[in-house]
Amino acid sequence: GVDGGAAGPAELGEPCHLALDTCAFGLVCSNVFMGGDDFATCYARCAPGDACTGARGRAGVCESDARGQNVCVVKSPNLGPCGNGETAQCADPGQLCALDDLYRGLCVVPCDPLEPDSCRLPVAEGARCGCRAGESCSLEITLSVGGGEDGVCVAPSSPGDPCGPDAQTGALRLCGGGLT
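Conventions we followed
Residues numbered from 1 in each chain as written. Predicted model: local features only at pLDDT ≥ 70, side-chain atom pairs only at ≥ 80, totals over all residues. Heavy atoms only, no water. Pairing = 2+ DSSP bridges. Helix = DSSP H or I, 4+ residues; strand = E, 2+ residues; numbered from the N terminus.

Colleague: What am I meant to see in the sheet that holds strand β3 (residues 52–53) here?
Modeller: For sheets, the rule is that strands pair by backbone hydrogen bonds, running either parallel or antiparallel. Judged by pairing direction, the sheet is mixed, and its four strands sit side by side in the order β3-β4-β5-β7 without closing on themselves. Two strands bound the open sheet, and with one partner strand each, they are β3 and β7 (88–90). In this structure, β3 lies alongside strand β4 (residues 59–64), joined through two bridges in antiparallel fashion. Looking at β4, one finds that Thr53 is bridged to Ala59.

What follows is the structure, given as structure tokens:
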């Protein structure tokens, strides 16, 4: 549990309390996405340069968080899981980690379904907005934008291509080019 009380210490990817570091042995409470206790979770401790394992058994890289702690962070591909609850960030710094209220999300690039090379969602400086050549704007996942919706950029696909979660990376494979 978050308080480290009767439920015992928090495990990898579970909520924790930064000041009390209520994580189990070998883990450290961190908030890679924003400061403070809101949505802090347990990350694996690591040493710089060493191999490490993040949530869901996925390979990660050792990075220093805002508090100077070495934590294992998974680098996710497009449509891969991200957020503190996944102990993961987007591998492409131009992608947005679209988070739910538990700080679990997906790495995405927003796109306007009517003009796929742009988006309506305001994005931070350096973030991608709109699809690159060869990508299409899928509406299988939508992001609400001031009364409208943006889709997400996906790789091209053909009838018969696999779709759904990739067992190895956790990334979603969505249909592009108007396929479902």
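Past the structure itself, the notes keep going.
Colleague: Help me understand unusual backbone geometry, please; the structure alone is not making it clear to me.
Modeller: Excluding glycine, residues mostly have negative phi values, and the peptide bonds linking residues are mostly trans. Within the chain, Asp21 stands out as a residue other than glycine whose phi angle is a positive 40°. Mapped onto the fold, Asp21 is located in the segment before β1 (27–30).

Colleague: Which parts of the structure should I look at to understand the sheet that holds strand β6 (residues 81–82)?
Modeller: Spatial strand order, β6-β9-β8: three strands in an open sheet with antiparallel pairing. With partners counted over all chains shown, the strands left at the sheet margins are β6 and β8 (96–99), one partner each. For β6 and strand β9 (residues 105–108), the ladder comprises two bridges, and the chain directions are antiparallel. Looking at β9, one finds that Cys82 is bridged to Gly105.

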